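# Remarks on the overall topology
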Number of protein chains: 2
Amino acid sequence: MDITKFVNLSLGRWRSQRSAHHLAFSHFEAVTSTIDIVPLNPEDADVVNLCKSYDIDPTMACNPFRMSWAGESDWDDDETFEGTTILVPIPDPENPKAGRLLRDRGYAETIPSVGQYYFNDDDNFVLLTAYDRATAEEKIWFVNPNFRLRVSLIKTSEGTGVVTASFSSEIRDLSAKD
Amino acid sequence: MDITKFVNLSLGRWRSQRSAHHLAFSHFEAVTSTIDIVPLNPEDADVVNLCKSYDIDPTMACNPFRMSWAGESDWDDDETFEGTTILVPIPDPENPKAGRLLRDRGYAETIPSVGQYYFNDDDNFVLLTAYDRATAEEKIWFVNPNFRLRVSLIKTSEGTGVVTASFSSEIRDLSAKD
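Described below are features of the structure shown in this document. (Residues numbered from 1 in each chain as written. Chains lettered and ligands numbered in written order. Predicted model: local features only at pLDDT ≥ 70, side-chain atom pairs only at ≥ 80, totals over all residues. Heavy atoms only, no water.)

If you tally the helices and strands in chain A, you get two helices and 10 strands. Secondary structure elements in chain A, listed N-terminal to C-terminal, are α-β-β-α-β-β-β-β-β-β-β-β. Dimensions of chain A along its principal axes, counting C-alpha atoms only, are 45 × 45 × 35 Å. When the 178 residues of chain A are sorted by exposure, 49% land in the buried category. Within chain A, contacts between residues separated by at least 24 positions form 46% of all contacts whose residues are at least 6 apart in sequence. Surface accessibility of chain A: about 8,500 Å² in total, with carbon and sulfur atoms responsible for 50%. Charge-centre separation for chain A: the mean point of 17 positive side chains lies 4 Å from the mean point of 29 negative side chains. (Helix = DSSP H or I, 4+ residues; strand = E, 2+ residues; numbered from the N terminus. Buried < 20%, exposed > 50% of the residue type's maximum accessible area, 1.4 Å probe, protein only. Contact = heavy atoms within 4.5 Å. Areas by Shrake-Rupley, 256 points an atom, 1.4 Å probe, with all protein chains shown as cover. Lys, Arg positive; Asp, Glu negative; His and termini not counted. Charge placed at Lys NZ, Arg CZ, Asp CG, Glu CD.)

So, in structure tokens, the structure goes:
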């Protein structure tokens, strides 16, 4: 597995079920959403600007994409939410199994972020991101091309305590494939 | 990581939050339970008998243990449940990172089972078990010595469709440590 294969497998529309475990008070949150992942042109102005904001040569970007989501949580009395972010992988020139991932809106905090990723020998994509007040650890893997799983942890910024552990099961929406 | 370290890390009492995603109808199930993992003597009659039932030399057993659980699910109108099973690792003599795991009561079906396990390079314990009517795939890893995660998949027996995807976050109950 490498980032090109991984992004290509991820493209499309996904129906997601996510459970968040808020550990301090043993709360379960259930989230249902639709996620759209579409490829971006590496020369797209947003991609180029995001690279430049991190002093990264935009020609190092590989398979940039946009991820958008819309859904509802049982936490907020079924209020709906939606969002979108650009993600730009920057593979390590010396190791095709690792690199950096730029986002214009982070997972733990809604500010630009840069994380470190690698693929383990089980083809899991593992992403570590340090924010101001938290660190996030995400693991994403494909059970088959139409079904993927994602485990996300939010830790305190020292990386010690885990605050929230989330699990998403994502089924490809084949009806969107036309 | 090897099976001895993994079992030793697992011993104790755990407070578990489990979310099951029943995929066919996008149902969320929330389960709260207490899990106790206690070591067994390799010469324990139940351990020896379980080995013999699979024609395995009982002296190959390594770190056998008993796992018991009690809890409640929001699926069955908060009815409580409980259970117990003996687990007997049989490491592969040629590969300390892999082996078989015998149970006297399986995860997908409540009958004896034998699964194949291995540790990946992220120290995840991965267990694959084939039952009569289903296959189960479990992945367990420690975020720190007092916090572990478990992802379990139940697939159809052909191993194609995923029926249920579950996620457990397990916090060690330090108050039980005396």
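This is not the end of the story, as more comes after the structure.
Opposite the 34 residues of chain A that make contact, chain B presents 34 residues. Taken over both partners, the interface formed by chain A and chain B buries close to 2,600 Å², and the fraction arising from carbon and sulfur atoms is 60%. A per-residue breakdown of the area chain A buries against chain B is headed by A:Q17, A:F28 and A:F167, which together make up 25% of the total. Among the elements of the structure, strand 1 (12-22), strand 2 (27-39), strand 8 (134-144), strand 9 (147-156) and strand 10 (162-172) of chain A are those that each provide at least two residues to the side of chain A that touches chain B. For the side of chain A that touches chain B, the element with the highest residue contribution is strand 10 of chain A, accounting for six residues. Here the side of chain A that touches chain B is built from residues that sort into 16 nonpolar, 13 polar and five charged. (Buried area = accessible area lost by both parts, 1.4 Å probe. Nonpolar A, V, L, I, M, F, W, Y, C, P; charged D, E, K, R; others polar.)

Applying a rotation about an axis and a shift along it to one chain copy brings it onto the other copy. Least-squares fitting of chain A to chain B yields an RMSD of 0.0 Å, with the transformation described by 0.0 Å of translation along the axis and a rotation of 180 degrees. Here the two chains are linked by the operation of a two-fold rotation axis. Of the interface residues in chain A, 100% have counterparts in chain B that sit at the interface too, so the contact is made through matching surfaces. (Least-squares fit on C-alpha atoms with pLDDT ≥ 70 in both.)

The subject of this paragraph is the packing of aromatic side chains. Considering all chains together, one arrives at 17 aromatic pairs over all chains under this definition. Between A:F6 and A:F119, the aromatic rings sit 5.6 Å apart at their centres with planes inclined by 65 degrees, giving edge-to-face as the arrangement. One end of the pair, A:F6, is in helix 1 (residues 3-10); the other, A:F119, is in strand 6 (residues 113-119), and 113 residues separate them in sequence. Residue A:F119 is classed as buried on the basis of its relative accessible area of 5%. When the centroid spacing of 6.1 Å and the interplanar angle of 70 degrees are considered together, the rings of B:Y117 and B:F119 count as edge-to-face. (Phe/Tyr/Trp six-rings, centres within 6.5 Å; stacked < 30°, edge-to-face > 60°.)

Right, let's talk about unusual backbone geometry for a bit. Residues and elements named next belong to chain B. A positive phi angle is found at S26, which is not glycine, with a value near 50 degrees. As for its placement among the helices and strands, S26 is situated in the loop between strand 1 (12-22) and strand 2 (27-39). Phi angles above zero are rare outside glycine, and D55 is one such case at about 55 degrees. Inspection of the secondary structure puts D55 in the loop between helix 2 (45-53) and strand 3 (65-73). Accessibility expressed as a relative area gives 76% for D55, which makes it exposed.

Residue and element names in this part refer to chain B. By the burial criterion, the buried members of helix 2 are V47, V48, L50 and C51. Projected down its long axis, helix 2 shows its buried positions confined to an angular sector of 160 degrees, all on one face. Looking at helix 2, the residues exposed on the side facing more than 90 degrees away from the buried face are K52 and S53. On its buried side, helix 2 packs onto strand 4 (80-92) and strand 5 (95-103). Sitting at the head of helix 2, D44 places a side-chain oxygen 2.8 Å from the backbone nitrogen of D46. (Arc of directions from axis to C-beta. Polar contact = N/O pair within 3.5 Å; in protein donor to acceptor, adjacent residues only side chain to side chain.)

Turning next to the sheet that holds strand 2 of chain B. Residue and element names in this part refer to chain B. Taken in spatial order, the 10 strands line up as 1-2-3-4-5-6-7-8-9-10 and close into a barrel, and their pairing is antiparallel. The sheet shows a mean angle of 25 degrees between the axes of neighbouring strands, direction not considered. Pairing of strand 9 (residues 147-156) with strand 10 (residues 162-172) involves nine bridges; the strand directions are antiparallel. If you follow L149 over to strand 10, its bridge partner there is S169. (Pairing = 2+ DSSP bridges. Axes fitted to C-alpha atoms, helices over the stretch in contact; angles between N-to-C directions.)

Coordinates in, geometry out; function isn't part of it.
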